[in-house]
Every structure is written in structure tokens, then in C-alpha cells.
Amino acid sequence: MSGKIPDLIRQGLASGWKAMDGAAQRNDLFLSADVAVIGSGAGGGIAAEALSLAGLDVLLLEEGGLHSSSDFRLLEAKAYPELYQESASRQTLDKAITILQGRAVGGSTVVNWTSSFRTPPDTLLWWQENHGLPGLSVEAMRPWFEQAERRLGIGPWLAEPNGNNLVLERGCLALGLRHARIPRNVRGCWNLGYCGMGCPTNAKQSMLVTCIPSALSRGARLLSRARVDRLAADPAGKSISAIEGSFLGADGNTPSGRRFMVRARHVVLAAGAIGTPAILLRSGLADASGQTGRRTFLHPVTLSAALMPERIEPYNGAPQSVYSDHYMHTQPLDGALGFKLEVPPIHPLLASVTFPGFGSEQASLLRQLPHLHATLALMRDGFHPDSRGGEVRLRSDGSPVLDYPLNDVIWDGARRSWLAMAELQFAAGARLAMPLHEAARPASSWRQARAMIEGLPLRALQARLVSAHVMGGMAMGGDPSLSVVDEWGGHWTWRNLTVLDGSIFPTSIGANPQLSVYAFALRGADHLARALARG
Amino acid sequence: MASRRQFLKAGAFGGAALLIAGYWAAPAADPEAEAVAGLSWLRPADAQIVMALAPVLLGLAELPVAKVAQGVDQAISGLPLATQEEIRQMFDLLGNRWARRWLAGVRPPWRMAGAMESARFLQRWRESRFALQNSVYQGLHRLIHAGWYGSPASWAALGYQQPAAVMGMLP
Ligand SMILES: Cc1cc2nc3c(=O)[nH]c(=O)nc-3n(C[C@H](O)[C@H](O)[C@H](O)COP(=O)(O)OP(=O)(O)OC[C@H]3O[C@@H](n4cnc5c(N)ncnc54)[C@H](O)[C@@H]3O)c2cc1C
């Protein structure tokens, strides 16, 4: 193959899409639309296409910039400031958990790792029984999953897993743990391993290359580098009357001083599970139940690194292709936290800031990067009675920060997960294994690792915790006094406000969430389009 | 452990005498820092701290420290303004000679600080019971690692490289 990779976005722009860059606006802007969609990630992107297909005039408002495959240079130092919230350094209030979230046209789907799971049946059942959502059965949800899967090329990934994933698979086989391959949302994937820096070949079926171009081709408008500050409610308190926001400068960070105002018949909030509640809190429009911004979940992630005798090249190849749910099912759903095992891609910048040590110890570990493996455990928060997640708060400048207190339930899960991962790594042939914790040292046997892990102090800023799955904060439910939105994302208080993103989940998903976001956003957008058609 | 033994050996009186002596003898001020080219956020005094700590933190003796400072500068510029303010406070704290001497335990100005002394400071703040000290350690760790390992100059030593086949096809 010769020549250059075609850039769908630049071609679309040349064909006359109505895409405006906020940084280029010299004047304040006043716009109107049938539906204004705030946030263009998994929820906002797929909803924008569905609503455009229904013949509605859609305006997408996105805080991040419009970047496309030609901009994706497989460079961490370029990708993180361009494509992530807070340069991939967003942290919880006490700085204990680093949160990865996207901030670009396409949202987190531009940088996610393509693992695609339906919402687990036990999670749906829990919502049916405990959150007043009897309509959300596996059967009722099936068509929405199928629609999203067809749209985004989600299917089995047939290539051989990369070395990093093979370690997980081998460990599971050795210990007899149930495991399987991960379906991915790709078409013609080159198996590169740079999903987290934006896909340079447009193989990843992110919102950026699927639903957003399709909506734009149908006449939808896009305003990027446009940060929504607040919504205004009409005096009767029944509906949202206006959206107000600031344009950002070319650095994507600093407001340019120019502002915009939008009037829309209907407003869709899809700014993600921190951004969406933050907009309502800034607007002074928290709901009557007091749940806006509460019960925000993270699937807090613990990590364990290992040095393998063979070459792993954990930076090459599809980042996630093997998982194990064994430890999801070793206790009741609302018991001690279950966790899902997967692996992260390992690239120099993110690896070096995440590995706890310093000095020659750290340097000698990093020098063995090609032999490095890491396992991660996603803890399923939000089911145990003491796992109540975090709360979105506002800093004095109005920017959001998540307060996610770490309690015994989390720490118990952390310890069990470090043990499980170290055991697995030695079973897979690791020479050394080490949980990512400030007080941990590389262990050379499972016995040694176990003794070390039993003794690790369990506290914030010692254990390295991360998350790429922010969920909740605008919980759907059957009872307006306990939830913020109904099962279609319709806000209980404002009739022309619908939430279509990861914030509507009343607990964590218990699996990587993108396909859940897609399916629920499709279902909610369909419901909304019908309602708007009825007038 | 070592510091506890030393403290016990010095004895209560010895310790107090040291403290008093230390109080009267003002810690050495940092000499006027020279400007480093290509920095927009870091002040010369901040860059001095980064360049003093980088070889210790990264465990690399032969390190183009000015390049690391530029990487740190770039990393900070991409952060939200609220975080930039916190980082400002961190550098102001470390740059204050009293705080450097009595909180960080680093006697000479940063530029003259020995590797052992800097490493002891990092390790103590890393393990400290105080969240503030932990977070300063982690902040330095994060910024300096990002400042270096974000640069392709660091990759060869790791055996890391971008996939050549695709790089040639990028427009
Ligand atoms: C590195 C990474 C890897 C991941 N890997 C996977 C994976 O393999 N599988 C999986 O299932 N999930 C994965 N996820 C998670 C998944 O991508 C998210 O759960 C999903 O995209 C969430 O959808 P969303 O619509 O809620 O929010 P997002 O996709 O995050 O979109 C929200 C958008 O709103 C914008 N926004 C926020 N505030 C404002 C505002 N005030 N004004 C205007 N716009 C605003 C943001 O810039 C962003 O573009 C990953 C996430 C990351 C970051």
C-alpha cells in the first residue's frame, strides 16, 4: 500500500460541512436549533446521528477541538493535551485516582481502547429490581445493543492477542480462571496499539469517524472549542430556555473572551459523567432529589506490573483483547467488590508517571519496557451498600472536580486484586511482579509477593489508582425523589432536557462502558425523536 | 529507619541545640538562577529545581536537563488553570529557602544539592504521613517523568519506537 491515509474529516470539511471552530470566532454567536447536543462523545455522537436521521436540525456543542487522523502522530506528548481532559492528568479531589477522559470532537471514543461489552445481565437485573427500572431487561435492551454493534463494527477480534494480553490468557489457563477474547469496534484495524493517541488509520469506529460525519453530512452543525458554561431555565421552572458558553482559544484551554448563546427546542446533555452534572451545578439547576452529581462511579483500577522472560512489546498490537470475569463471580453482586481483569497498553509517558518508584530502580524497570507486562483490575463499584461512589463538586472557577472518598470496601478490593494479579502473573511465568503501590518492591515469587501485598498500607497517595470509566452522577430511576432522569434520560424536572451519556447509570456497569453508553443513548434518542415528532 | 536512629543518637538536647543553631543560621539563599531558553511557564528558579531533581528522580546521570525543563514547561501549559495555580504554589514552596531547608531537609541551594540529599527528600515525601508531602512528591514525579518520557529523545534507552510502517504513511 502506498500513498497517504485518507482523512475523512478534512474531506468532509472540504465538502462543506457546517463545522465551526470556536477558536476562530471573532464575535459572540447566537444560534438556534431543534436540538442542541452538548458533548460529542459516545452518547452525544451517536444521539446526534439518530436525531439527524429523524429529520431534526441538530447543533453539536463540544468543548474539545476537531482533530482527525492526520493530527494523530502516535505521540503521547501531543495527544494528551489535545485529546484528553486536563491533559490526561485529571485527578479526584484528594489526588488519589487519576482519571482518563477524552476532550475532543468524538469525546472519549477518540482515545478509548475499543473493548466492547454489552451491559452485563446481572447489572440490568439489579437496576430492574433496585432502581425502579423494570423495562430494562436483557430482552428489551438486545435490539439497542445489536443496533450499536452493527453501526460500529463491533464483533469478535480474530487476530492473535499481543504479548501483553497473552500473559493474561496464559495466567488464566494455568490457574483455571474463566476468560475470553474481547470484541472490538474496529473495521480494517492494523493492530497498531496506539488507540489511546487517536487512531491514525481511521480503523477504530469512534464517533469521530462514524456518527459525527454522518450527522454532519445530513446538515447537522458542529461548534468545537465551545464550552457550555450554564443552562438557563424559564421563570416557570418547566424548561431550559437557553444555553450559554465560552469559546476557547487555539490552545484549547483558555477562554478566548468570545461567547455563544443557543436557543433550542430540546437540549441533550452528553458532556460525560463529570461534565454533565457540572453544567447543571454551575447553572444552579440541581434536581429536587439532590442526586445531581452524586453516586459517580469509576471502576477504580488497580495495577500490577510484571517482567516477563519473553518479549512482550506492550505498546504494539490491539491494547485489549483478553479479559477474565472470574473474580466478578466469586462473591454476590452486592458483596465484596468484584473485579474484571484486563491489561492496559504501555507507552513511555503514561507508564513512567504511573509506575510509583524513582531513581535507578525506576530507570532499570523502564529500560526493560519491551519485557514489561501489566495487568489491571476494574473494581465494580456502586452495588455494595458502602460503595456509594463520588460526588462532583465545583472549584472556585466553576471547573468540576470529583470527590471520590476511598473507604474500606475499596481497599479490600484493592488488596484482593493485587493478590489475584500477582498470582496470575507468576502462573504465566513472570520473573518479577509488583503491584503499583509506593511501598511495593518487585517480588520474585508468588509467595514473596503475597507476603509483601498483605503488608501494604492501604491509603490514598500510596496505592496507584486510575480510572478511564466515569459513570453515574445523573442516575436514572423509576422514582423522581431518588433519581434525576427517567429510563430514557428524560430529566424529571425540565421537560425539554434529556441526558444521553454515561452519567445516567445508577451504578457502575461492571464492564467497559462504551457499548452501554451507545445502547442507552440510541434508546433515549429514539424515544426523544418520537416525542418531538408528535410535537 | 536511619533518620530515627540518628535522631535518638543525637539525643534530645543535641537535637534542640541543632534546631536553635539552625534557626539562627539562615539557610543559604539560591543564587540568582540563569534563564533557560524556551520556557514560557516555568520561572528560572522553578527550572532550577526541575533540573536539580530530574537526574535523581529519573535515575539518569547523563540527562539533557534543560530539555527536561522544556518538557515540564510544555506539560504544565496544557493543564487547567486551577491545576497550574497548585503547581505555582508547589514551586513557590520548594523555592523558599526556609521550606527547602526545614521542610524538604535540603541544606544547600537546589543547584548545589547532592544526589543523596535530593533522593532522601524525595523518599521522605513519598512515604510521608502527610498528604500534602505525598502529593508534592507525586506532582514532581508526574511532571518530570512526563517532561522526559514524552520526548522521543528518551525512547532509545527504553527499546521503544513508533511503528515505522505507519509513520511513513502519515500525511
Ligand atoms: C483512555 C480511555 C480508554 C477507554 N477504553 C475503553 C474501552 O476500551 N472500552 C470501553 O467500553 N470504554 C472505554 N473507555 C470509556 C468510554 O470511552 C467512555 O465510557 C465513553 O466514551 C463515555 O461516553 P460519554 O458520552 O459519557 O462521555 P465522553 O465520551 O467522554 O464525551 C463527553 C464529551 O463532552 C465534552 N464536554 C464536557 N464538558 C463540556 C462542556 N461544558 N461543554 C461542551 N462539551 C463538554 C467532552 O469534551 C467530551 O468530548 C475508555 C476511556 C478512555 C479515556
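Below is a summary of the structure that appears in this document. Owing to the predicted nature of the structure, the values given are computational and were not obtained by experimental measurement.

Let's talk about the site of the ligand
All names here are of chain A. Near the ligand, the surroundings consist of 40 residues, among which Glu62, Ser108, Ser115, Gly502 and Gln514 are the closest. Contact distances for the ligand include 2.9 Å between an oxygen atom and a backbone N or O atom of Gly43. Between Asn112 and the ligand, the recorded distance is 3.1 Å, taken from a side-chain N or O atom to an oxygen atom. For the ligand, whose accessible area on its own is 1000 Å², the fraction buried by protein is 97%. Split by residue class, the shell around the ligand holds 15 nonpolar, 19 polar and 6 charged.

Observations concerning the interface of chain A and chain B
Contacts between chain A and chain B engage 51 residues on the former and 47 residues on the latter. Together, the buried faces of chain A and chain B total about 4200 Å²; carbon and sulfur atoms form 56% of this surface. Viewed at the interface, chain B and chain A are joined by 2 salt bridges. With a shortest N-O distance of 2.5 Å, Glu438(A) and Arg126(B) are connected by a salt bridge. Here chain A is connected to chain B by 27 residue pairs in polar contact (both at pLDDT 80 or more). At the level of elements, helix H9 (348–354) and helix H10 (359–366) of chain A are the ones that each hand at least two residues to the side of chain A that touches chain B. If you tally residues by element for the side of chain A that touches chain B, the top one is H10(A), at 5 residues. Considered class by class, the residues forming the side of chain A that touches chain B number 24 nonpolar, 16 polar and 11 charged.

Focus: the nonpolar core
Within the largest apolar cluster, 217 residues are counted, with the highest numbers of intra-cluster contacts made by Leu51(A), Trp127(A), Leu231(A) and Phe121(B). Ignoring anything within four residues of it in the chain, the contact list for Trp127(A) reads Thr119(A), Gly132(A), Leu133(A), Leu136(A), Met476(A), Phe505(A), Pro506(A), Thr507(A), Ser508(A), Ile509(A) and Phe520(A).

Regarding the pairing of strand S16 (residues 339–342) of chain A
Residues and elements named next belong to chain A. Every second residue of S16 is oriented toward a common face, with Phe339 and Leu341 on one face and Lys340 and Glu342 on the other, all of them buried. Direction of pairing for S16 relative to strand S17 (residues 372–379): antiparallel, over a ladder of 4 bridges. Following the sheet pairing, Lys340 is matched in S17 by Leu378.

Structural notes on the packing of aromatic side chains
The geometry of an aromatic ring pair comes down to the distance between the two centres and the angle between the two planes. All chains considered together, the criterion is met by 14 aromatic pairs over all chains. Residues Trp126(A) and Phe383(A) carry aromatic rings whose centres are separated by 5.6 Å and whose planes lie at 65° to one another, so their mutual orientation is edge-to-face. Separated by 257 residues along the polypeptide, Trp126(A) in helix H4 (residues 121–130) and Phe383(A) in the loop between S17 and strand S18 (391–394) bring together distant segments of the chain. Here the two residues Trp126(A) and Phe383(A) agree in accessibility, since each one is buried. Seen from their ring centres, Phe247(A) and Phe260(A) are 5.1 Å apart, and the 40° between their planes marks the pair as tilted. Of this pair, Phe247(A) sits in strand S11 (residues 240–248) while Phe260(A) sits in strand S12 (residues 255–269), and the two are 13 residues apart along the sequence. Grouping aromatic residues by their ring pairs yields a cluster made of Trp127(A), Phe505(A) and Phe520(A). It is Arg184(A) that lies over the ring of Trp157(A); its NZ or CZ is 4.4 Å from the centre. When the ring centre of Trp102(B) is taken as reference, the NZ or CZ atom of Arg101(B) above it lies at 4.1 Å.

Conventions used here
- Residues numbered from 1 in each chain as written.
- Chains lettered and ligands numbered in written order.
- Predicted model: local features only at pLDDT ≥ 70, side-chain atom pairs only at ≥ 80, totals over all residues.
- Heavy atoms only, no water.
- Near = heavy atom within 4 Å.
- Polar contact = N/O pair within 3.5 Å; in protein donor to acceptor, adjacent residues only side chain to side chain.
- Areas by Shrake-Rupley, 256 points an atom, 1.4 Å probe, with all protein chains shown as cover.
- Nonpolar A, V, L, I, M, F, W, Y, C, P; charged D, E, K, R; others polar.
- Contact = heavy atoms within 4.5 Å.
- Buried area = accessible area lost by both parts, 1.4 Å probe.
- Salt bridge = Lys/Arg side-chain N within 4 Å of Asp/Glu carboxyl O.
- Helix = DSSP H or I, 4+ residues; strand = E, 2+ residues; numbered from the N terminus.
- Core = buried A, V, L, I, M, F, W, Y, C linked by side-chain atoms within 4.5 Å.
- Buried < 20%, exposed > 50% of the residue type's maximum accessible area, 1.4 Å probe, protein only.
- Pairing = 2+ DSSP bridges.
- Phe/Tyr/Trp six-rings, centres within 6.5 Å; stacked < 30°, edge-to-face > 60°.
- Lys NZ or Arg CZ within 6 Å of the ring centre and 35° of its normal.

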